[in-house]
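Summary of the model geometry
Residue strings, one per chain:
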Amino acid sequence: MVATEPQGQPLVGTRPIRPDGVDKVTGRARYGSDINLPGMLYGRVKRSPHAHAVIKRIDTSRALALKGVQAVITAHDFQAAEDEVAELGETMSTARWLQDNVLASDKALYVGHAVAAVAATDPHIAEDALDLIDVEYEVLSPVLDVHEAMAEGAPLLHDGLRTVEMAGLFMPGPNQGDQPTNVASHIRFDRGDVEAGFADADVVIEREFRTGVAHQGYIEPHNGTAMWNADNTLTVWLSTQGHFGVRDQLAQVLHLPIGRIRVVPMEIGGGFGGKIPVYMEPMAAIMSRMTGKPVKMLMSRQEVFEGTGPTSATYIRCKVGAKRDGTITAAQAYLAFEAGAYPGSPVGAAAACMFSTYDIPNQLIDGYDVVVNKPKVQAYRAPGSPQGAFAMESILDEIAERLELDPLEFRLKNASSEGSRRTDGAQFPRIGAAEVMQAALDSPHYRSELSGEHTGRGVAVGFWFNGGGESSAYAAVNADGTVSLTTGSVDIGGQRAGLAMQFAQNMGIPYEDVRSYVADTDSIGYTRVTGGSRTTFASGWAVHEAAADLRQRLEERAASIWEVDRELVSYAGGVMSGPDGRQMTFKELAAQLPHTGGMLQGHADASPSTIGPAFACHIVDLKVDPDTYKVEVMRYTAIQDVGTAIHPSYVEGQIQGGAAQGIGMALNEEYRFDASGRMLNSSLLDYRMPTALDVPMLETILVEVPNPGHPYGVRGVGEVPIVPPLAAVANALTHATGTRITTLPASPERLLEWVADESV
């Protein structure tokens with residue numbers, strides 16, 4: 001890495017206007033559904049009505065005979081994929097599982113599983129053609145939760161599946177079970193001696209916790225348009241969090257060299273981890289190859305719910321012990337996470353996160369990845385960590401109450417710090433866990449009095465690793481003194497602004513003179529997905545290095561213009577300085593570039609590993625209506641270590657968004673299934689996400705403990721804010737109702753049932 005010193009601090013920490021704002025508020029921004037190409041066909045998908053069924057026969061002849069239908073495909077139109085790992089960002093899969101999820105081969109494994117696709121000259125014709133595809137099923141019994149799936153004699157989803165012993169979060173170990181099973185993998189983290197730790201404890205509490213299936217809730221449905229060209233190259237336009245990942249997945253599924261695939265990222269209407277894998281894009285590509293025409297495919301809202309990946313439903317058994325003085329001596333957990341129809345739940349991340357906020361000498365966690373007859377789960381904002389924190393933070397609240405300790409002071413006493421080891425063995429660098437807890441203790445919210453009947457206050461703390469990985473950046477100087485800054489990071493939460501700010505800061509030029517763009521896969525170097533809270537950190541490193549590279553080239557050019565040695569020239573604060581008091585501004589030098597050797601470009605390919613982990617503490621006050629058991633969130637404060645807030649408005653927005661989503665998961669959001677595995681609430685009317693009417697103004701407190709592994713101290717901020725809300729809300733509900741809440745979401749009917757049971 002090029003370690004140049006930042007040029008002062010005039011931009012970082014300010015709130016300039018985002019470069020894509022005008023296009024978005026005026027409707028000029030182009031999303032995936034806005035693609036329209038000459039001769040374009042429209043694709044639709046035939047989906048299984050059964051949660052578990054053998055596909056005996058698919059007859060497409062009647063659909064092909066319908067006027068306007070140009071192609072009909074099934075899984076047999078794909079060449080079999082290999083078992084190599086597929087790039088899915090924060091969850092795990094193989095190309096074979098990925099391909100089978102795109103189009104079912106021998107079995108349909110959930111209601112909504114794609115079994116065939118149609119391309120026609122009109123979307124209505126394509127829709128009509130679906131009813132003409134005849135599918136013969138042999139319906140099997142579904143398994144719909146981890147307990148059913150793990151029971152002896154349970155129906156098997158995959159005859160060839162064996163339990164793999166994991167050696168790390170994404171590293172299969174050498175051992176594999178010899179019996180068919182629905183348990184795809186087992187991971188264990190073991191530190192110290194938990195039995196001895198529990199023996200040293202004065203208080204030991206053990207409870208079971210459950211959470212439901214929840215969707216990311218992005219507003220824009222999935223989409224994809226493919227054009228298979230006559231020269232055997234493929235171009236795909238879509239809304240995605242990671243177009244390089246899409247390119248790699250397409251290469252694996254279609255058996256097409258990476259160099260023949262170009263993926264163009266459109267604007268994206270939300271993702272939160274759910275827009276990383278491919279769904280319809282391979283189908284569109286195959287049908288485009290068949291017809292020689294571009295094929296466009298869009299999902300309906302029902303298809304988004306039933307045919308894409310939500311987060312896991314989970315079962316967690318957690319046990320924690322502590323001494324009378326509040327020292328935590330041991331923690332143990334058993335986690336079973338639903339993976340959906342194919343292996344790859346975030347159980348490993350949950351296991352690595354749930355105890356890591358605290359410096360606990362003795363820990364033991366067993367995590368199980370379990371396949372069930374539901375849609376294959378995908379990442380959802382700090383995947384797995386909210387569920388683990390729900391269990392851990394609920395028990396900590398109960399221990400604090402038993403020991404008559406302030407719940408935040410109890411947590412602060414045990415907080416991890418620099419040098420502490422996480423559950424998975426990794427050692428923490430400089431972190432801000434204690435600073436976050438202290439800020440929460442000192443906050444106006446926590447110091448305020450809570451009064452009134454049926455009210456409760458809850459607190460919880462959460463942790464997320466944050467990510468790094470490869471990013472690329474190009475910075476081309478224009479003769480008018482502006483710079484075209486091009487990166488490969490899809491902009492979801494204001495990344496174009498944040499990256500332009502870091503670049504302009506290093507160059508010492510106005511933010512308004514930097515034009516920030518997102519390039520397709522043929523126009524920029526490899527860049528990992530916008531996810532894992534990595535983009536402002538890792539792509540920020542890339543733009544910082546691109547600026548350093550450009551500054552060096554500018555110094556060389558200025559030396560040539562002045563006819564002096566390169567060592568006598570320096571660039572700082574947007575001004576070039578040379579011997580004898582010579583100076584030239586960046587704009588003046590840019591104007592001379594065309595006549596002194598040509599324009600210049602800085603570039604960088606970075607893969608930083610000096611990641612800054614993140615911690616958050618949330619405080620919530622709520623009230624339960626004693627007649628309807630509807631919950632009103634009255635006040636909510638989110639405190640978070642953000643490292644350095646590059647653009648505080650976007651940081652606050654990320655925190656508020658994560659908190660709102662967590663509140664939804666805690667109170668209302670949940671897939672409802674009937675006994676056959678059919679989703680009963682696959683619409684935004686019935687799947688109850690919170691709106692502005694359901695949450696108060698979400699207060700934020702930004703704690704800045706700079707990450708020493710980044711030139712501006714950046715820590716990722718996008719994921720950790722969804723970690724504490726489940727536990728914070730559950731703890732507040734416990735205090736409001738007098739009933740320990742161990743299952744989420746805590747909908748009115750559930751609250752009524754629990755309180756009634758407690759009163760018997």
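Residues numbered from 1 in each chain as written. Predicted model: local features only at pLDDT ≥ 70, side-chain atom pairs only at ≥ 80, totals over all residues. Heavy atoms only, no water.

1. As for the sheet that holds strand β27 (residues 601–606)
Two strands in a sheet stick together by hydrogen bonds in their backbones, pointing the same way (parallel) or opposite ways (antiparallel). Taken in spatial order, the four strands of this open sheet run β23-β22-β21-β27, and their pairing is mixed. The open sheet terminates on both sides in strands that have one partner only, identified here as β23 (514–518) and β27. Adjacent strand axes in the sheet meet at a mean angle of 15°, parallel and antiparallel pairs treated alike. By the bridge criterion, five bridges tie strand β22 (residues 483–487) to β23 in an arrangement that is parallel. Counted as the bridge partner of Ser484 is Arg515 from β23. The strands touched by helix α15 (residues 495–507) within the sheet are β21 (471–477), β22 and β23, with β23 carrying the most contacts at an inclination of about 135°. (Pairing = 2+ DSSP bridges. Helix = DSSP H or I, 4+ residues; strand = E, 2+ residues; numbered from the N terminus. Axes fitted to C-alpha atoms, helices over the stretch in contact; angles between N-to-C directions. Contact = heavy atoms within 4.5 Å.)

2. What to know about the packing of aromatic side chains
In total, this model carries 14 aromatic pairs according to the counting rule given. Ring geometry for Phe463 versus Phe465: centroids 5.5 Å apart, planes at 70°, classification edge-to-face. Residue classification places Phe463 among the buried positions, given a relative accessible area of 1%. Judged by relative accessible area, which is 11%, Phe465 ranks as buried. A cation sits over an aromatic face here: Arg96 above Trp97, 4.4 Å from the ring centre. (Phe/Tyr/Trp six-rings, centres within 6.5 Å; stacked < 30°, edge-to-face > 60°. Buried < 20%, exposed > 50% of the residue type's maximum accessible area, 1.4 Å probe, protein only. Lys NZ or Arg CZ within 6 Å of the ring centre and 35° of its normal.)

3. Let's talk about the sheet that holds strand β8 (residues 134–139)
The antiparallel open sheet is built from three strands, whose spatial order is β6-β2-β8. Pairing within the sheet leaves two strands with one partner each, and these edge strands are β6 (107–108) and β8.

4. Overview of the nonpolar core
The biggest cluster of nonpolar side chains holds 102 residues, and the ones touching the most others in it are Met354 and Leu733. Sort the elements by how many residues they give to this core and helix α11 (residues 385–403) lands first, with nine residues. Counting 45 residues, the second largest nonpolar core, distinct from the first, contains Phe537, Ala538, Leu550 and Val569. (Core = buried A, V, L, I, M, F, W, Y, C linked by side-chain atoms within 4.5 Å.)

5. Some thoughts on helix α4 (residues 123–130)
For α4, every residue scored as buried is listed here: Ala126, Ala129 and Leu130. Buried residues of α4 fall within an arc of 105° about the axis and therefore sit on the same side. Its buried side turned inward, α4 meets β1 (41–47), α2 (61–65), β3 (69–73) and β7 (114–120). The backbone nitrogen of His124 has a side-chain oxygen 2.7 Å away, supplied by the residue at the start of α4, namely Asp122. (Arc of directions from axis to C-beta. Polar contact = N/O pair within 3.5 Å; in protein donor to acceptor, adjacent residues only side chain to side chain.)

6. Here we look at the pairing of strand β16 (residues 295–298)
Of the pairings in the sheet, the one linking β1 to β16 comprises three bridges and is parallel in character. Each bridged residue has a counterpart across the sheet, and for Leu41 the counterpart in β16 is Val295.

7. Concerning the environment of Ala538
As for its position among the elements, Ala538 is in helix α16 (residues 535–562). Among the residues examined, Ala538 registers a relative accessible area of 0% and is labelled buried. Once the C-alpha coordinates of Ala538 and Ser472 are considered, the two residues, 66 residues apart in sequence, prove to be 9.1 Å apart. Apart from residues lying up to four places away in sequence, Ala538 is in contact with Gly468, Gly469, Ser471 and Pro608.

8. So, the pairing of β27
Judged by which residues are buried, β27 turns out to be one-sided: Gly602, Ala604 and Ala606 face inward and are buried, whereas Gln601, His603 and Asp605, on the alternate face, are not. With six bridges joining them, β21 and β27 adopt antiparallel strand pairing. Pairing of Tyr474 across the sheet is with His603, part of β27.

Geometric values such as these leave the question of function open.
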